[in-house]
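# Structure assessment
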Amino acid sequence: MALMEVEIPSGFVVDPVHLKDLTRSHANVHLHRTEVMDNKAVLYFDKLGERHVCVPVKMERVQPVAQPAQVFAHVYDYYNPETRTSTPLVMNLMRNVSICSMCAECIGCDSV
């Protein structure tokens, strides 16, 4: 069994309905269970081969956080967790967002 842990960035939550639907829509890659725990989405695969697997994890921004810290997806063997790999997640939507673009009433922080 293989696990994929997807870290959830500050200000975001995982869509639980979408996460549950992944088990049906990605059955061809042997995804059989998903859950959210400790600020990460965990996806359980019966097996993973050497081919590329891309599983989209839909997140929604619930707090105004600009330029959140880098988060990662980790994949590892459940029975041998030392056998792992990690990759940074790309959040194109948030890449160039400044805190000033999120303020409802900007007080001129650009001039500070």
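This text follows the structure it describes.
Residues numbered from 1 in each chain as written. Predicted model: local features only at pLDDT ≥ 70, side-chain atom pairs only at ≥ 80, totals over all residues. Heavy atoms only, no water.

## A few points about the pattern of salt bridges
Counted under the stated rule, the structure contains four salt bridges. Note that Asp 21 and Arg 24 form a salt bridge whose closest N and O atoms lie 2.4 Å from each other. With Asp 21 and Arg 24 both in helix α1 (residues 16-25) and three residues apart, the pair spans about one turn of that helix. Exposure remark for Asp 21: the relative accessible area of 32% places this residue in the partly exposed category. With a closest N to O distance of 3.3 Å, Arg 33 and Glu 35 form a salt bridge. (Salt bridge = Lys/Arg side-chain N within 4 Å of Asp/Glu carboxyl O. Helix = DSSP H or I, 4+ residues; strand = E, 2+ residues; numbered from the N terminus. Buried < 20%, exposed > 50% of the residue type's maximum accessible area, 1.4 Å probe, protein only.)

## Quick notes on the packing of aromatic side chains
Counting across every chain of the model gives one aromatic pair. The aromatic ring of Tyr 44 is capped on one face by Arg 33, whose charged end is 4.2 Å from the ring centroid. (Phe/Tyr/Trp six-rings, centres within 6.5 Å; stacked < 30°, edge-to-face > 60°. Lys NZ or Arg CZ within 6 Å of the ring centre and 35° of its normal.)

## Let's talk about the environment of His 32
Mapped onto the fold, His 32 is located in strand β3 (residues 31-37). Sequence separation between His 32 and Leu 43 is eleven residues, and the spatial gap between their C-alpha atoms is 7.9 Å. Excluding anything up to four places from it in sequence, His 32 contacts Met 1, Thr 23, Tyr 44, Phe 45 and Asp 46. (Contact = heavy atoms within 4.5 Å.)

## What to know about the layout of surface pockets
By volume, the largest pocket is sized at about 790 Å³. Lining the largest pocket are 24 residues, with Met 4, Val 53, Val 55, Ala 73 and Leu 89 sitting closest to its centre. Elements with a minimum of two residues in the lining of the largest pocket: β1 (2-7), β6 (72-77) and β7 (80-88). Looking at the lining of the largest pocket element by element, the count peaks at three residues for β7. (1 Å grid on protein atoms, 1.4 Å probe; cavity = no way out; pocket = protein on both sides within 12 Å on 5 of 7 lines; lining within 4 Å. Points joined across faces, edges and corners; volume = space filled by probe spheres on them.)

## Quick look at the nonpolar core
Side chains of a nonpolar character, in soluble globular proteins, are inclined to be buried together. Within the largest apolar cluster, 16 residues are counted, with the highest numbers of intra-cluster contacts made by Val 6, Leu 31, Ala 41, Leu 43, Phe 45 and Val 57. Sorting the residues of this core by element identifies β1, β2 (12-14), α1 and β4 (40-45) as the ones contributing at least two each. When residues no more than four places from it in sequence are discounted, the contact partners of Phe 45 are Met 1, Ala 2, Met 4, Val 29, His 30, Leu 31, His 32, Val 53 and Val 55. (Core = buried A, V, L, I, M, F, W, Y, C linked by side-chain atoms within 4.5 Å.)

## Overview of α1
What α1 keeps buried is the set Leu 19, Leu 22 and Thr 23. Buried positions in α1, seen along its axis, are confined to an arc of 100° and lie on one side of it. Residues of α1 that are exposed and point more than 90 degrees away from the buried face comprise Val 17, Lys 20 and Arg 24. Lining the buried residues of α1 we find β2, β3 and β4. The backbone nitrogen of Val 17 has a side-chain oxygen 3.0 Å away, supplied by the residue at the start of α1, namely Asp 15. (Arc of directions from axis to C-beta. Polar contact = N/O pair within 3.5 Å; in protein donor to acceptor, adjacent residues only side chain to side chain.)

## Focus: the pairing of β3
Two elements, β3 and β4, share six bridges in a ladder whose sense is antiparallel. Residue pairing across strands places Val 36 opposite Ala 41, the latter belonging to β4. With antiparallel pairing between neighbouring strands as the criterion, β3 and β4 make up a hairpin whose turn holds two residues, including Asp 38 at a positive phi of roughly 50°. (Pairing = 2+ DSSP bridges.)

Interpretation note: all reported values are geometric properties and have no functional meaning in isolation.
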